[in-house]
Amino acid sequence: MTVILCPGIHHERLTQNFLEQMSPALSDPVVFSTNQYPAYSAWHLIQCLETSLDPQQLETPILFIGFSAGVVAAIATAWYWQLKGRSVKALIALDGWGIPLRGTFPIHRMSHDLFTHWSSTIGETRSDCFYAEPSVDHLDLWRSPASTQGQWVKTSSEQSSSWLGTCRSAMQSHDGQATHRQTTAAEFLMMLLQQYGELSSQP
């Protein structure tokens, strides 16, 4: 199990809160030290991974979880990882607003409100994603995933990646359609960890 956690620009206590609320489902991830390096620096993240991971871990498919500025480091490092012939399971981006996310690996967005959700996914290939409802503060999505209520938006072959299709998908009323399910940010993350074989155990 190799999960790379890329925090944003904030106090380290928020990341500790995140890990406490995700325990024991997410155990012993590799945490990029944003106290020592810029949260957005893929160069520093790559150096840290290549010096701290053992040879077996370097060849193990990895999963990135990034928050805010940490999404920049996560997506760039994921691209680099693939260019080196290594495998990326997926990238989960929490509030990576304004950061274009492309890749040949699955990418999932999580947003602190509906506006950030649909404005971030315009023109992108859709994967299962989450947005808080009611909306929460940006930092609360990272600090308090267990108490962040929201909508798990499931993908389907009928959903369009166009601007109009994306907006309709995000803005539609929640009338029991299979494309929406009420959950928490923590539960959505646990579902993804289970999907990619990274769930340590049920909390």
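Residues numbered from 1 in each chain as written. Predicted model: local features only at pLDDT ≥ 70, side-chain atom pairs only at ≥ 80, totals over all residues. Heavy atoms only, no water.

Chemist: I'm lost on the overall build of the chain in this one. Help?
Modeler: If you tally the helices and strands in the chain, you get eight helices and eight strands. Out of the 203 residues in the chain, the part that is buried amounts to 51%. Counting contacts in the chain only where the partners sit at least 6 residues apart, residues at least 24 apart contribute 64% of the total. Summing over all exposed atoms, the chain offers an accessible surface of approximately 9,400 Å²; the carbon and sulfur share of this is 52%. (Helix = DSSP H or I, 4+ residues; strand = E, 2+ residues; numbered from the N terminus. Buried < 20%, exposed > 50% of the residue type's maximum accessible area, 1.4 Å probe, protein only. Contact = heavy atoms within 4.5 Å. Areas by Shrake-Rupley, 256 points an atom, 1.4 Å probe, with all protein chains shown as cover.)

Chemist: Honestly, helix α2 (residues 42–52) in this entry has me stumped. Any pointers?
Modeler: Note: α-helices contain 3.6 residues per turn, so residues at a spacing of three or four share the same orientation. Among all positions in α2, only Ala42, Leu45, Ile46 and Leu49 are buried. The buried residues of α2 occupy an angular sector of 100° when projected down its axis, which confines them to one face. In α2, those exposed residues whose orientation departs by more than 90 degrees from the buried face are Trp43, Thr51 and Ser52. (Arc of directions from axis to C-beta.)

Chemist: How do you make sense of a nonpolar patch on the surface when you look at a structure like this?
Modeler: A cluster of nonpolar side chains, Ile9, Tyr40 and Val72, forms an exposed patch at the surface whose accessible area comes to about 310 Å². Along the polypeptide, tyrosine 40 turns up in the loop between β2 (30–31) and α2. (Patch = residues over 30% accessible without salt bridge, like charges linked within 9 Å, V, L, I, M, F, W, Y side chains within 5 Å. Salt bridge = Lys/Arg side-chain N within 4 Å of Asp/Glu carboxyl O.)

Chemist: Even after reading the chapter, I still don't get the pattern of salt bridges, so can you show me in this structure?
Modeler: Side chains that carry opposite charge are capable of pairing whenever their charged atoms lie near each other. One pass over the full model with this rule turns up four salt bridges. Notably, a salt bridge pairs glutamate 50 with arginine 86, separated by 3.1 Å at the nearest N-O pair. With a gap of 36 residues between them, glutamate 50 in helix α2 and arginine 86 in the loop between α4 (70–83) and β4 (88–94) connect regions that are remote in the sequence. With a relative accessible area of 15%, arginine 86 lands in the buried category.

Chemist: It is not clear to me how the nonpolar core should be interpreted in this structure. Could you clarify?
Modeler: As a rule of thumb, nonpolar side chains are buried together in soluble globular proteins. Formed by 27 residues in total, the largest nonpolar core has its most connected members in Phe18, Ile65 and Leu94. Mapped onto this core, the elements with two or more residues apiece are β1 (3–6), α1 (12–22), β3 (62–67), β4, α6 (138–143) and α8 (185–195). Ranked by residues supplied to this core, first place goes to α8 with eight residues. Discounting residues that sit within four places of it in the chain, phenylalanine 18 has contacts with Leu5, Leu26, Ile65, Leu94, Trp142, Arg143, Pro145 and Leu189. Counting residues in each nonpolar core, the second largest holds 22 residues, with Ile4, Leu49, Ala73 and Ala93 among its members. (Core = buried A, V, L, I, M, F, W, Y, C linked by side-chain atoms within 4.5 Å.)

Chemist: I would appreciate a short explanation of the side chain of threonine 15 in the present structure.
Modeler: Its place among the elements puts threonine 15 in helix α1. Residue classification places threonine 15 among the buried positions, given a relative accessible area of 7%. Engagement of the side chain of threonine 15 in a polar contact is seen with the side chain of tryptophan 142, the distance being 3.1 Å. (Polar contact = N/O pair within 3.5 Å; in protein donor to acceptor, adjacent residues only side chain to side chain.)

Chemist: Explanation requested: the pairing of β1 in the structure shown.
Modeler: Side chains on a regular strand alternate between the two faces of the sheet. By the alternation rule, side chains of β1 split into Val3 and Leu5 and Ile4 and Cys6, which are all buried. The pairing of β1 with β3 spans four bridges and is classified as parallel. Looking across to β3, one finds that isoleucine 4 is bridged to phenylalanine 64. As defined by bridge partners, β1 adjoins β2 across two bridges and the pair is classed as parallel. Bridging across to β2, isoleucine 4 finds its partner in valine 30. (Pairing = 2+ DSSP bridges.)

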